[in-house]
Amino acid sequence: MAKTINPFDLHDAPPFAGFPEDALKFFRQLKKNNTREWFAENKERFESSVKEPMESLLSTLAEGVRSIDPAIVIDPKKSLYRIYRDTRFSKDKTPYKLWIAASFTHAGKNKTNDPGFYFHVSADEVGIGGGLYMPMPDQLRRLRAVLDTRARELRAILAEKTFRARFGELQGETLSRVPQGYDKEHPDADLLKMKQFFCWASLDARSACSADLPDLLLQHIAAMHPLVRWLLAHA
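To keep things clear, this report deals only with the structure shown in the data block. (Residues numbered from 1 in each chain as written. Predicted model: local features only at pLDDT ≥ 70, side-chain atom pairs only at ≥ 80, totals over all residues. Heavy atoms only, no water.)

### Observations regarding the overall build of the protein
Working step 1: The helix and strand inventory of the protein stands at seven helices and five strands.
Working step 2: Secondary structure elements of the protein occur, N-terminal to C-terminal, as α-α-α-β-β-β-β-α-α-α-β-α.
Working step 3: Relative to a compact globule of 235 residues, whose C-alpha radius of gyration would be 18 Å, the protein shows 19 Å and is just as compact.
Working step 4: For the C-alpha atoms alone, the extent of the protein along its principal axes is close to 60 × 50 × 30 Å. (Helix = DSSP H or I, 4+ residues; strand = E, 2+ residues; numbered from the N terminus. Rg over C-alpha atoms; globule rule 2.2 N^0.38 Å.)

### Brief notes about the packing of helix α4 (residues 137-158) against helix α7 (residues 213-234)
Working step 1: α7 packs onto α4 with a crossing angle of 165 degrees between their chain directions and a minimal axis gap of 11 Å. Taken as axis vectors, α4 and α7 run roughly antiparallel relative to one another. The two elements α4 and α7 cross, and the hand of that crossing is right-handed. Contact with α4, carried on its side by R142, L143, V146, L147, R150, E153, L154, I157 and L158, involves P226, L227, W230, L231 and H234 of α7 and no other residues of that element.
Working step 2: Here the residues of the contact of α4 with α7 are counted per class, giving 10 nonpolar, one polar and three charged. (Axes fitted to C-alpha atoms, helices over the stretch in contact; angles between N-to-C directions. Parallel < 35°, antiparallel > 145°, perpendicular 65-115°, else oblique. Left-handed = near helix turned anticlockwise from the far one by under 90°. Contact = heavy atoms within 4.5 Å. Nonpolar A, V, L, I, M, F, W, Y, C, P; charged D, E, K, R; others polar.)

### Comments concerning the packing of aromatic side chains
Two aromatic rings are characterised by how far apart their centres lie and by the angle between their planes.
Working step 1: All told, the structure shown has 14 aromatic pairs when counted by the stated rule.
Working step 2: When the ring of F26 is compared with that of W38, the centres are 5.5 Å apart and the planes differ by 45 degrees; the resulting orientation is tilted. Of the two residues, F26 is situated in helix α1 (residues 21-32) and W38 in helix α2 (residues 36-41); the sequence distance between them amounts to 12 residues.
Working step 3: Ring-pair connections join several aromatic residues into one group, and the members of that group are F26, F27, W38, F39, F46, Y84 and Y96.
Working step 4: Lying over the aromatic face of Y81, K111 brings its terminal NZ or CZ to 4.4 Å of the ring centre. (Phe/Tyr/Trp six-rings, centres within 6.5 Å; stacked < 30°, edge-to-face > 60°. Lys NZ or Arg CZ within 6 Å of the ring centre and 35° of its normal.)

### Notes on α1
Working step 1: Taking 1.5 Å of rise per residue, 12 residues should cover 16 Å, and α1 covers 18 Å from first to last C-alpha, within 8% of that figure.
Working step 2: All buried positions along α1 are accounted for by A23, L24, F26, F27 and L30. For α1, the arc enclosing every buried residue in end-on projection is 150 degrees, short of the 170-degree limit, so these residues lie on one face.
Working step 3: Residues of α1 that are buried in the fold lie against α2, α3 (43-64), β2 (99-106) and β3 (116-122). (Expected span 1.5 Å × (residues − 1). Buried < 20%, exposed > 50% of the residue type's maximum accessible area, 1.4 Å probe, protein only. Arc of directions from axis to C-beta.)

### Focus on the nonpolar core
Working step 1: Counting 63 residues, the largest nonpolar core has F19, F26, M54, L57, F119, F197 and L227 as its most contacted members.
Working step 2: Looking at this core element by element, the count peaks at 11 residues for α7.
Working step 3: Excluding anything up to four places from it in sequence, F197 contacts G130, G131, L132, L140, L143, L147, L154, L170, Q171, L191 and L231. (Core = buried A, V, L, I, M, F, W, Y, C linked by side-chain atoms within 4.5 Å.)

### Focus on the environment of H225
Working step 1: Locating H225 in the fold gives a position in helix α7.
Working step 2: Taking the C-alpha atoms as reference, H225 lies 9.4 Å from F163; in sequence the two are 62 residues apart.
Working step 3: Not counting chain neighbours up to four residues away, the residues in contact with H225 comprise I68, D69, I72, H106 and F117.
Working step 4: A polar side-chain atom of H225 sits 2.9 Å from a polar atom in the side chain of D69. (Polar contact = N/O pair within 3.5 Å; in protein donor to acceptor, adjacent residues only side chain to side chain.)

### Brief notes about α3
Working step 1: When the terminal C-alpha atoms of α3 are compared, their 30 Å separation across 22 residues agrees well with the 32 Å that a helix rising 1.5 Å per residue should span.
Working step 2: Of all the bends found along α3, the most pronounced is centred on K51 and spans about 30 degrees, while P53, a proline, follows it within four residues. (Bend = angle between axes of the 7 residues up to and from the residue.)

### Focus: the sheet that holds strand β4 (residues 125-132)
Working step 1: Taken in spatial order, the five strands line up as β1-β2-β3-β4-β5 in an open sheet, and their pairing is antiparallel. Only two strands of the sheet have a single partner each, and these edge strands are β1 (72-73) and β5 (197-204).
Working step 2: With six bridges joining them, β3 and β4 adopt antiparallel strand pairing. Each residue of the ladder has a partner; that of H120, found in β4, is G127.
Working step 3: Each of β4 and β5 touches α4; the most contacted strand, β5, lies at about 80 degrees to it. (Pairing = 2+ DSSP bridges.)

### Thoughts on the packing of α3 against α7
Working step 1: At a closest axis distance of 10 Å, the pairing of α3 and α7 adopts a crossing angle of 50 degrees. By the angle class used here, α3 and α7 are oblique. Where α3 crosses over α7, the handedness of that crossing is right-handed. Residue-level inspection shows L57, T60, L61 and G64 of α3 in contact with α7, the latter providing L213, P214, L217 and L218.
Working step 2: Each residue belonging to the contact of α3 with α7 can be placed in one class, and the counts come to six nonpolar, two polar and no charged.

As structure tokens, then:
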């Protein structure tokens, strides 16, 4: 009997059969041979074993997220990150990332600075998370103004059973002190001090090779969706 994907109906989405075993092998070998010469010799492997399955996965997710929120936009071409590292300001000059990644958000929003969703596939894990990772100063000011009097709204989202089961606690860098202008003894000082607001889950790398990966990712996207929507409304 064919497995029924629940709670998301993906039957109209492009087929995703799972990443081939060679995708994880590719990243393990890239870690040991992170050079332009090795990558050039293995570029066809990257295209067939890594990039093409990732584009298929994103196409499948693009259909699935409509059941969660029609405003979420996944474009397999625009959502996908390049594998090439920006080494201009890094001591690490290896040219390639050891994962393939994508991010996406709601229509009209910027996937870099606005709240959204992210996941990657590597030889070590399938990582998925969402929230506000690189907020601009004005976004932080707006969030803190809301948290000053309405932090209970965010706390209710973070306390939701499914969210806690999949992600645990809210994550992100924090200030050492409560921001200027707020009471040092504020009851929500922990939230006011945050510089980032995101959640994260690390899944077994082997899940990347399963045709059930879209369903697994969609379950995590649905669980973090209230957090992302709240941040979009107030950042």
